[in-house]
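Notes for the structure review
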Amino acid sequence: MTTYEVTYITDPISEGTELSLLEDPTLSAIVGFHSGVHYVSVELIGEDFQQAARDAAHRLQRYGVRVIRMELDLVNQSGIATQCDVTKQAVSKWVNSESIARPFPKPHTLVAGPLWAWSAVNEWLRCTGKKTYDDACSATPEQVETFNYEWHHRTSVTGQAVEYRSLSELMVDHVGREAGAWQTLRFESVSIAPRDVA
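Quantities reported herein were computed from a predicted structural model and do not represent experimental measurements.

1. Considering the pattern of salt bridges
- Tallied over the full model, the rule gives four salt bridges.
- E123 serves as the salt-bridge partner of R126, at 2.6 Å between the closest nitrogen and oxygen. Residue R126 and its partner E123 are located together in helix 5 (residues 118–127), separated by three residues, close to a single helical turn.
- On the basis of relative accessible area, R126 is assigned to the partly exposed category, the value being 43%.
- Residue classification places E123 among the partly exposed positions, given a relative accessible area of 36%.

Encoded structure:
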């Protein structure tokens, strides 16, 4: 089993909900607010990252937390130095090294200076034998992008979240709706356009 640390960007969270999240040992949640952005960081354990990420997001929803998206863990040189407990000069040496065998990862973005995906830096630390790598994995840019795409597209055309645990649950809901109220619903990668029931 792999352990991941991920951060979800959320709508504002009430104090009562925050206390409930912090008391749930299955989430290992950290709730925060920074520069107008609310977030919840949790620990995921599982072999299938996407399934573990969806399960955690659904658990947050059961507490009344609206998950907007997953955030990629980005770090600058100073952040890398802090997380690795080394000097900024050591990180600068890593970044500027011309090693062909194991080059330092390229920055993920250049907003206000280079920012790296922590997952890429951590993998580099592990592969180069640095003792400062983190046992817990951060989501890769591709994993975050996939989760956010799937999470965003889990809604119906009305914009309301549609969460079904199984296709049979979707079909039961279909039979229970009034005729004429049908819309195309998306269930993971399957598009289902129900017919009116007479």
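Let us keep going from here.
2. A short note on the packing of helix 3 (residues 77–84) against helix 4 (residues 88–96)
- At a minimum axis distance of 8 Å, the contact between helix 3 and helix 4 shows a crossing angle of 115°. Comparing their axes, helix 4 and helix 3 come out roughly perpendicular. For helix 3 against helix 4, the interelement crossing comes out right-handed. Side by side, helix 3 and helix 4 meet where Q77, S78, I80, A81 and C84 of the first sit next to K88, V91, S92, W94 and V95 of the second.
- Here the contact of helix 3 with helix 4 is built from residues that sort into six nonpolar, three polar and one charged.

3. Remarks on the packing of aromatic side chains
- Enumeration according to the criterion identifies six aromatic pairs in this entry.
- Their ring planes at 15° and their centres at 5.5 Å tell us that F147 and W151 sit as a pair that is stacked. Residue F147 and its partner W151 are both found in helix 6 (residues 141–152); the two are separated by four residues, about one turn of the helix. Neither F147 nor W151 differs from the other in exposure class; each is buried.
- By the ring-pair criterion, three or more aromatic residues cluster together here, those being W94, F104, W116 and W124.

4. Observations regarding the nonpolar core
- Judged by nonpolar contacts, the single largest core of 26 residues is most densely connected at V6, Y8, L21, V42, L44 and M70.
- Secondary structure elements with two or more residues in this core: strand 1 (2–10), strand 3 (37–46), helix 2 (49–62), strand 4 (67–71) and helix 6.
- Here this core takes six residues from helix 2, the largest share from any one element.
- Residues contacting V42, with those up to four places away along its chain left out, are Y4, E5, V6, Y8, L27, S28, A29 and A56.
- By size, the runner-up hydrophobic cluster in this structure holds 12 residues, among which are V75, F104, V121 and L125.

5. Remarks on helix 3
- For helix 3, the complete set of buried residues consists of G79, I80, A81 and C84.
- Its side-chain oxygen at 3.2 Å from the backbone nitrogen of S78, N76 defines the N-terminal cap of helix 3.
- With its phi angle positive at about 55°, D85 sits one or two positions after the end of helix 3.

What counts and what doesn't
Residues numbered from 1 in each chain as written. Predicted model: local features only at pLDDT ≥ 70, side-chain atom pairs only at ≥ 80, totals over all residues. Heavy atoms only, no water. Salt bridge = Lys/Arg side-chain N within 4 Å of Asp/Glu carboxyl O. Helix = DSSP H or I, 4+ residues; strand = E, 2+ residues; numbered from the N terminus. Buried < 20%, exposed > 50% of the residue type's maximum accessible area, 1.4 Å probe, protein only. Axes fitted to C-alpha atoms, helices over the stretch in contact; angles between N-to-C directions. Parallel < 35°, antiparallel > 145°, perpendicular 65-115°, else oblique. Left-handed = near helix turned anticlockwise from the far one by under 90°. Contact = heavy atoms within 4.5 Å. Nonpolar A, V, L, I, M, F, W, Y, C, P; charged D, E, K, R; others polar. Phe/Tyr/Trp six-rings, centres within 6.5 Å; stacked < 30°, edge-to-face > 60°. Core = buried A, V, L, I, M, F, W, Y, C linked by side-chain atoms within 4.5 Å. Polar contact = N/O pair within 3.5 Å; in protein donor to acceptor, adjacent residues only side chain to side chain.

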